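# Commentary on secondary and tertiary structure
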Protein chains: 2
Amino acid sequence: MRGVNIYDIAKLADVSIATVSRVVNDSSKVNDKTKEKVLRVMEENHYTPNVFARGLGLNSMKTVGLVCPDVSDNYMAKAVAYLEKNLRGYGYDCILYCSGYDEEDKRQAVELILQKRIDALVLIGSNYAGGRDEETSYINEVAGQIPVFMINGYIEGENIYCTLADDYQAVYDATEELIFAGKRRILFLSNSESFSAMQKRKGYEDAHKNHGLPVLEELRLYTENSIHGTRDRLLLCRNLVFDSVIATEDGMAVGALKYARARGISVPGEISVVGYNNSELSISCEPELTTVDARGEILCKSAIDSMMSLLGGEKIRQKTMIKCHLIKRHTTDF
Amino acid sequence: MRGVNIYDIAKLADVSIATVSRVVNDSSKVNDKTKEKVLRVMEENHYTPNVFARGLGLNSMKTVGLVCPDVSDNYMAKAVAYLEKNLRGYGYDCILYCSGYDEEDKRQAVELILQKRIDALVLIGSNYAGGRDEETSYINEVAGQIPVFMINGYIEGENIYCTLADDYQAVYDATEELIFAGKRRILFLSNSESFSAMQKRKGYEDAHKNHGLPVLEELRLYTENSIHGTRDRLLLCRNLVFDSVIATEDGMAVGALKYARARGISVPGEISVVGYNNSELSISCEPELTTVDARGEILCKSAIDSMMSLLGGEKIRQKTMIKCHLIKRHTTDF
DNA sequence: AACTTTTATGTAAGCCCTTACATCACTGTA
DNA sequence: TACAGTGATGTAAGGGCTTACATAAAAGTT
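Described in the following lines is the structure provided in the data block. Being a predicted model, the structure only gives us computed values, none of them experimental.

## Observations regarding the overall build of chain A
Scanning chain A for helices and strands turns up 13 helices and twelve strands. Against the compact-globule benchmark of 20 Å for 334 residues, chain A has a radius of gyration of 25 Å, which places it well outside the compact range. With respect to the three principal axes, the spread of C-alpha positions in chain A is 85 × 40 × 30 Å. For chain A, the share of sequence-separated contacts (at least 6 apart) that also reach a separation of at least 24 residues comes to 72%. Between the centroid of the 40 positive side chains of chain A and the centroid of its 47 negative side chains there is a distance of 3 Å.

## Let's talk about the interface of chain A and chain B
Contact residues are listed per partner, giving 47 residues for chain A and 47 residues for chain B. The contact between chain A and chain B buries some 4,400 Å² in all, and 61% of this surface belongs to carbon and sulfur atoms. Residue Lys116 of chain B is joined to Asp93 of chain A by a salt bridge in which the shortest nitrogen-to-oxygen separation is 2.8 Å. For the pair chain A and chain B, the interface holds 27 residue pairs in polar contact (both at pLDDT 80 or more).

## Some words on the protein's contact with DNA strand C
The local shell around DNA strand C holds 27 residues, among which Ser21 and Tyr47 of chain A together with Ser16, Arg22 and Thr34 of chain B are the closest. Sugar and phosphate atoms form 66% of the subset of DNA strand C atoms that lie within 4 Å of the protein. Separating a base nitrogen of DNA strand C from a side-chain N or O atom of Tyr7 of chain A is a distance of 3.3 Å. Take Asn31 of chain B: an N or O atom from its main chain is 2.9 Å from a phosphate oxygen of DNA strand C. At the level of secondary structure, the elements contributing two or more residues to the surface near DNA strand C comprise α1 (6–13), α2 (17–25) and α4 (51–58) of chain A together with α2 (17–25) and α4 (51–58) of chain B. Sorting elements by how many residues they give to the surface near DNA strand C places α2 of chain A first, with five residues. Of the residues contributing to the surface near DNA strand C, the split by class is 13 nonpolar, nine polar and five charged.

## Concerning the packing of aromatic side chains
Residues and elements named next belong to chain B. Within this structure, the stated rule accounts for ten aromatic pairs over all chains. Ring plane angle 45° and centroid distance 5.4 Å describe the contact between Tyr154 and Phe195, whose orientation is recorded as tilted. Of the two residues, Tyr154 is situated in the loop between β4 (148–151) and β5 (160–165) and Phe195 in helix α9 (residues 195–210); the sequence distance between them amounts to 41 residues. Across this residue pair, the class does not change: Tyr154 and Phe195 are buried. The side chain of Lys200 reaches across the aromatic face of Tyr276, ending 4.0 Å from its centre.

## A few points about the sheet that holds strand β11 (residues 319–322) of chain B
Pairing between sheet strands relies on hydrogen bonds along the backbone, with the strands arranged either parallel or antiparallel. Here we have twelve strands laid out as an open sheet, ordered β11(A)-β5(A)-β4(A)-β3(A)-β1(A)-β2(A)-β2(B)-β1(B)-β3(B)-β4(B)-β5(B)-β11(B), and mixed in their pairing. At either margin of the open sheet sits one strand with a lone partner, and together these are β11 (319–322) of chain A together with β11 of chain B. Each adjacent strand pair in this sheet contributes to an overall mean axis angle of 20°, direction not counted. Of the pairings in the sheet, the one linking strand β5 (residues 160–165) of chain A to β11 of chain A comprises four bridges and is parallel in character. Of the residues in β11 of chain A, the one forming a bridge with Ala165 of chain A is Ile322 of chain A. Sheet strands touched by helix α6 (residues 103–114) of chain B: β1 (63–68), β2 (93–98) and β3 (120–124) of chain B. Its angle to β1 of chain B, the strand with the most contacts, is close to 165°.

## With respect to the environment of Thr331 of chain B
Residues and elements named next belong to chain B. Within the element layout of this structure, Thr331 appears in the segment after β12 (325–327). For the pair Thr331 and Ala174, spaced 157 residues apart in the sequence, the C-alpha separation amounts to 12 Å. When sequence neighbours within four positions are dropped, the list of residues in contact with Thr331 reads Leu257, Val267, Pro268, Ile271, Ser272, Val273, Pro287, Glu288, Leu289 and Thr290. A polar atom in the side chain of Thr331 sits 2.9 Å from the backbone nitrogen of Thr290.

## Details of the protein's contact with DNA strand D
Neighbouring DNA strand D are 28 residues, the closest being Arg22 and Thr34 of chain A together with Ile6, Ser21 and Tyr47 of chain B. Put simply, 65% of the atoms of DNA strand D that lie within 4 Å of the protein are in sugar or phosphate. Here a phosphate oxygen of DNA strand D and a backbone polar atom of Ile6 of chain B are 2.3 Å apart. Here Asn25 of chain B contributes a side-chain N or O atom positioned 2.7 Å from a phosphate oxygen of DNA strand D. Among the elements that take part in the surface near DNA strand D, α2 of chain B stands out by supplying five residues, more than any other.

## Side note on the packing of helix α10 (residues 227–236) of chain A against helix α11 (residues 250–263) of chain A
Residues and elements named next belong to chain A. Running from amino to carboxyl end, α10 crosses α11 at an angle of 50°, the nearest separation of the two axes being 7 Å. Classified by the interaxial angle, the pair formed by α10 and α11 is oblique. Like other packed secondary-structure pairs, α10 and α11 cross with a definite hand, here right-handed. Contacts between α10 and α11 involve Ile227, Thr230, Arg231, Leu234 and Leu235 on the former and, on the latter, Gly251, Met252, Val254, Gly255, Ala256, Lys258, Tyr259, Ala262 and Arg263. Class assignment for the residues of the contact of α10 with α11 results in eight nonpolar, three polar and three charged.

## Side note on the nonpolar core
Formed by 149 residues in total, the largest nonpolar core has its most connected members in Ile124 of chain A together with Ile124 of chain B. Val67 of chain A together with Ile95, Ile118 and Met150 of chain B belong to the second largest nonpolar core, which has 46 residues in total.

## Here's the deal with the packing of α1 of chain A against α2 of chain A
All names here are of chain A. Between α1 and α2, whose axes approach to 8 Å, the crossing angle comes to 105°. Compared by their axis directions, α1 and α2 come out roughly perpendicular. Where α1 abuts α2, its residues Ile6, Tyr7, Ile9 and Ala10 lie against Ile17, Val20 and Ser21. Broken down by class, the residue content of the contact of α1 with α2 amounts to six nonpolar, one polar and no charged.

The rules we used
Residues numbered from 1 in each chain as written. Chains lettered and ligands numbered in written order. Predicted model: local features only at pLDDT ≥ 70, side-chain atom pairs only at ≥ 80, totals over all residues. Heavy atoms only, no water. Helix = DSSP H or I, 4+ residues; strand = E, 2+ residues; numbered from the N terminus. Rg over C-alpha atoms; globule rule 2.2 N^0.38 Å. Contact = heavy atoms within 4.5 Å. Lys, Arg positive; Asp, Glu negative; His and termini not counted. Charge placed at Lys NZ, Arg CZ, Asp CG, Glu CD. Buried area = accessible area lost by both parts, 1.4 Å probe. Salt bridge = Lys/Arg side-chain N within 4 Å of Asp/Glu carboxyl O. Polar contact = N/O pair within 3.5 Å; in protein donor to acceptor, adjacent residues only side chain to side chain. Near = heavy atom within 4 Å. Nonpolar A, V, L, I, M, F, W, Y, C, P; charged D, E, K, R; others polar. Phe/Tyr/Trp six-rings, centres within 6.5 Å; stacked < 30°, edge-to-face > 60°. Buried < 20%, exposed > 50% of the residue type's maximum accessible area, 1.4 Å probe, protein only. Lys NZ or Arg CZ within 6 Å of the ring centre and 35° of its normal. Pairing = 2+ DSSP bridges. Axes fitted to C-alpha atoms, helices over the stretch in contact; angles between N-to-C directions. Parallel < 35°, antiparallel > 145°, perpendicular 65-115°, else oblique. Left-handed = near helix turned anticlockwise from the far one by under 90°. Core = buried A, V, L, I, M, F, W, Y, C linked by side-chain atoms within 4.5 Å.

Right, here's the structure in full:
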């Protein structure tokens, strides 16, 4: 049961364990002949260094913690997949924690995952923007120990690095486009009060203001990010009149589509719909959804680049903003 | 930087490290007073046992490896989420590896993840059913070291435990239903030669045979599991005539829907469509998709239960089959 | 009172690495 | 020839935990 260890290899290769270790870590110079011999013996005996002992010695196990509210969300799933794949390319493993959206659950997730002595923490998805300091102070505490990378979240602090989609601009542009098309009652569908949702809302509002249009309270609706949930929610608002929809998530946009169909309203004829995230949902619905490409992969790539630079000792910027694209499909054919 | 360790706690609590360790592990009896004191000191000093040292000592870190071809697939994402959440409930962390579908990549994934001295391995998604032994022999090798749990895959062997959806029955039933509705040209859309895909195909074929109907080669089409890919593939088959579709994944079923729309064929009027997995796609499309609920959560629950029993020293069954439901929505309104 | 048990705790050996420092054999230089 | 410098390797000290075994104190037994 006890696998081969460094002593076995050392003995078989007729060298000291230090030399074996050096070969394994490719650290200081080892004579080519010796190296070759050691490698051969390692190979022959299927030697794999014990990660625990290694971790103990190095106080690092080349592991990063991934905290994600919900991997079954297509956008986040893609992010997790991308991060995992590429971090592995750098020799890092990922420990995953699906935290749920609750801020307290997230705190616990972080706490637990931290016990694994990870080298860095990646937080996927937006944080609450409530501004309540207690909610985010633990992140700052964590950042005291290891670098924290946020994908689409934003918290200011030492050793916290945020990569965000420019949600403000994206929604601003989308809203403007609807306004140009003559829409005057644009329903804003949102499901949270996260930092990112707030940016989107601000984009929506500013676009109105800058075009001299009023921002109507009644056109801001909170609902859950689910297709049927959103549909039903809208169905309940009998007196709500709108000529277009901007949703902060594709699921809600598709919900709006379902609502329109249920009510016999034509899309894009009578109302236009814009979603967010360019998830799979946006091409499975009918008509296919105009949506914002929130550049998940680009964000993750940027975060990984930053992380590697940082772990390599370089200094990196704390906030990186990535511009989004609006992908026009058929729910906004004017 | 060097955090508090067991020696610090021992000194502060005026006991030996063995006692601290006993308290931490709740192992053999410790005097209540002493225990309380130690716990208090631990609390006060934010002591967390070093996982590496712990791993070294116990040769286990309470971690399970999750290998998943593609977390951005909704079905698997849900499985990963469920597994992660519930394993954590038992104190186990999950290391994730998104392997891709290639069998060689999977082998590498398993090899790498194994170096982390995980306590168990979970393989999500079906294995190739080619029957080529080399492809699966490494799994048997792994199983020599730690238990292997397969979700929807099937390999026979010591220490390999498989939990599967009864894909054969599910497709058999769905096919039969279409046959009863008078369909005689049922297109079978598949994307792989996995064990699971083979079961589905067998269900499709047997249903035909048992009802005295021929199994037509031309009605078995391989395509990729993507909406537009499938649509385009079908669009290319100008001479293919069919009155219904059974797809082995929802994405392909939705692709068939897109195809029908592109060709001006009405669903369910002219053709019926049945998908598989009850993913989010199946409710976002239009009309909403009749699909097989492949019981992802139930499968995972069963796997976790088995795992815990096994790690607890019990004996468990090696193969568990779970019955599926057909969820009727509107692509099969006859 | 002289013992056996039981309960609580401590000691120290291991688990398998990394790495600072020591050593030794050369090469090159003065 | 003596010595500094270089390269290759070894020695041994951690790193923080678990746990078998030893010990000591308390309780029970005769």
